[in-house]
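The lines below spell out each chain.
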Amino acid sequence: MVEPIIKLESVTKRFGSLTVLDELSFEVKPGEKLALIGPSGSGKTTILRMLMTLEHPSKGHITVDGDYLFHVKRGDGLAPASEKHLHEMRRKIGMVFQHFNLFPHKSVLQNVTLAPILTQNVGKGDAEKRAMELLDMVGLSDKAGAMPSQLSGGQKQRVAIARALALRPKIMLFDEVTSALDPELVEEVLNVMRRLAEETDMTMLLVTHEMNFARDFADRVLFFDSGHIIEDGPPSDIFTNPTHERTKSFLRKVLNAH
């Protein structure tokens, strides 16, 4: 049996009186490409934000790569993890957000090299060599000297993907990475993600409203509603033969909207 690289056990997340995730449990195998789909507000982005330690669970446990994310073992029990532990765990995970979050006053090359130099003590020359390889992979090696303000939205998002990859994470999280883009720019970003999925053994979690892309990209699809997993299976099952009425009505709406 392969140990899961991500495991959620009875995870609940509340914001005040609102329960966003309700006793959620699931596992992700190393190298798996997982698409999280469902209506807005169903808890999908909250899961990614917890994996990035931007949100803490209200209860339950998350393990990543064999270690507890928010806890450390102490005696027979668990104690809250230190900031140092969270920082170490975070290094295993890269995330690409909906809004690119590039540093506006740094060039494309500087945006991609900054984190490896600062957080992983990578030498400037090595960081720049790796950055150029990644920019080449996302089709932007000619933009290394450009400033973010000179790029289209699709180009910015491709730089953001290169930047996340520069830290060599084991797990990549993509949160609605095309939803802020003009329709004609969506495909260039999805093409980069397709290549990543095909050419790397990285574990990838994708929150998306692009159903056709989710179908192509994912090994497995989770359909969420109101903080629960309603369906979990291969894309061929979820998209062509969903069992739950809730999934059927959601897919009817989003597939007819395109």
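Just so you know, these numbers come straight off a predicted model, no measurement behind them.

Student: Looking at this structure, I do not really get the nonpolar core. What am I missing?
Tutor: The nonpolar side chains of a soluble globular protein tend to be buried with one another. Within the largest apolar cluster, 51 residues are counted, with the highest numbers of intra-cluster contacts made by Ile37, Leu135, Ile161, Phe174 and Met193. Residues within four places of Leu135 in sequence aside, it is in contact with Val108, Leu109, Val112, Leu140, Ser141, Ala144 and Ala162. Core analysis: the next-biggest nonpolar cluster, separate from the first, contains 30 residues, Leu8, Ile62, Phe70 and Phe224 among them.

Student: Where do I start with the environment of Leu255 in this structure?
Tutor: Position of Leu255 relative to the elements: it lies in helix α9 (residues 245-257). A residue is classified by how much of its surface remains accessible, and Leu255, at 29% relative accessible area, is partly exposed. Distance from Leu255 to Ala166, taken between C-alpha atoms, is 35 Å for residues 89 residues apart in sequence. With sequence-adjacent residues up to four places away left out, Leu255 is seen in contact with Met211, Asn212 and Arg215.

Student: For this particular structure, what's the right way to read the UniProt feature "domain: ABC transporter" (unreviewed entry) in the protein chain?
Tutor: UniProt marks residues 6-251 with the feature "domain: ABC transporter" (unreviewed entry), using the numbering shown here. For the annotated span residues 6-251, helix accounts for 37% and strand for 28% of the residues, and the straight-line distance between the end C-alpha atoms is 27 Å.

Student: Sorry if this is basic, but what is going on with the sheet that holds strand β2 (residues 18-28) here?
Tutor: Strand pairing in a sheet relies on backbone hydrogen bonds. The paired strands run either parallel or antiparallel. The four strands are arranged β2-β1-β4-β5 in an open sheet whose pairing can be described as antiparallel. The sheet terminates laterally at β2 and β5 (67-68), the two strands that pair on one side only. Where strand β1 (residues 6-15) lies against strand β4 (residues 59-64), five bridges are found, and the strand directions are antiparallel. Along β4, the bridge assignment pairs Glu9 with His61.

Student: Any chance you could explain the sheet that holds strand β10 (residues 203-207) here in plain terms?
Tutor: Pairing within the open sheet is mixed, and its six strands lie in the order β8-β9-β10-β3-β11-β12. The open sheet is flanked by β8 (93-96) and β12 (228-233), the only strands paired with a single partner. Ignoring which end each strand starts from, the neighbouring axes of this sheet average 20 degrees apart. Sheet strands in contact with helix α6 (residues 183-199) are β3 (33-37), β9 (171-175) and β10, and its direction is about 150 degrees off that of β10.

Student: For this particular structure, what's the right way to read the packing of helix α5 (residues 153-165) against α6?
Tutor: Helix packing geometry: the angle between the two helix axes and the distance between the axes. Taken N-terminus to C-terminus, the directions of α5 and α6 make an angle of 20 degrees; their axes are 8 Å apart at the nearest point. Taken as axis vectors, α5 and α6 run roughly parallel relative to one another. For the element pair α5 and α6, the recorded crossing hand is right-handed. Taking contact as the criterion, the partners of Gly153, Gly154, Gln155, Gln157, Arg158, Ile161 and Leu165 in α5 are, on α6, Leu185, Glu188, Val189, Val192, Met193 and Leu196. For the contact of α5 with α6, a count of residues per class yields seven nonpolar, four polar and two charged.

Student: Sorry, what's going on with the pairing of β1 here?
Tutor: Residues in a regular strand point their side chains to alternate faces of the sheet. Of the strand pairs in this sheet, β1 and β2 are connected by seven bridges, and their pairing is antiparallel. Residue pairing for β2: Val11 is matched across the bridge by Leu24. Hairpin connection of β1 to β2: two residues between the antiparallel strands, including Gly16 at a positive phi of 60 degrees.

Student: When you look at the environment of Asp76 in this model, what are you seeing that I'm missing?
Tutor: Mapped onto the elements of the fold, Asp76 is located in the loop between β6 (71-74) and β7 (77-80). The class for Asp76 is exposed, based on a relative accessible area of 88%. Between the C-alpha atoms of Asp76 and Phe174, which are 98 residues apart in sequence, the distance is 36 Å.

Student: What am I meant to see in unusual backbone geometry here?
Tutor: What you tend to see is this: most non-glycine residues have negative phi, and most peptide bonds are trans. Here Glu23, not a glycine, exhibits a phi torsion of approximately 50 degrees, which is positive. Within the fold, Glu23 resides in strand β2. In this structure, Asn121 takes a positive phi of about 55 degrees despite not being glycine. Along the chain, Asn121 turns up in the loop between α3 (108-119) and α4 (124-137).

What counts, and where the lines are drawn
In this convention, every chain numbers its residues from 1, walking through the sequence in written order. For this predicted model, a pLDDT threshold of at least 70 governs which residues receive local features, and a threshold of 80 or more governs which side-chain atom pairs are given and counted, while totals over whole chains, interfaces and linings are taken from all residues. Excluding hydrogens and water, the side-chain figures rest on all heavy atoms present in the structure. Put simply, a nonpolar core is a bunch of buried Ala, Val, Leu, Ile, Met, Phe, Trp, Tyr and Cys residues held in one set by side-chain atoms that sit within 4.5 Å of each other. Burial status follows relative accessibility: with a 1.4 Å probe on protein chains alone, a residue under 20% of its type maximum counts as buried, one over 50% as exposed, and anything between as partly exposed. Any pair of residues with heavy atoms lying within 4.5 Å of one another is described as a contacting pair. Under the DSSP-based scheme used, a helix requires at least four consecutive residues in state H or I and a strand at least two consecutive residues in state E, with every element numbered from the N terminus. UniProt positions are given in the numbering used here, feature names are shortened, and annotations may be inferred rather than shown by experiment. Here the rule is simple: two strands pair whenever DSSP picks up at least two bridges between them. In this analysis, axes come from line fits to C-alpha atoms, helices being fitted only over the stretch in contact, and the angle between any two N-to-C directions falls in the range 0 to 180 degrees. An angle below 35 degrees is treated as roughly parallel, one above 145 as roughly antiparallel, one from 65 to 115 as roughly perpendicular, and anything else as oblique. Rotating anticlockwise by less than a right angle from the far helix to the near helix defines a left-handed crossing, while the corresponding clockwise rotation defines a right-handed one. Under this grouping Gly is polar, as are all residues other than the nonpolar Ala, Val, Leu, Ile, Met, Phe, Trp, Tyr, Cys and Pro and the charged Asp, Glu, Lys and Arg.

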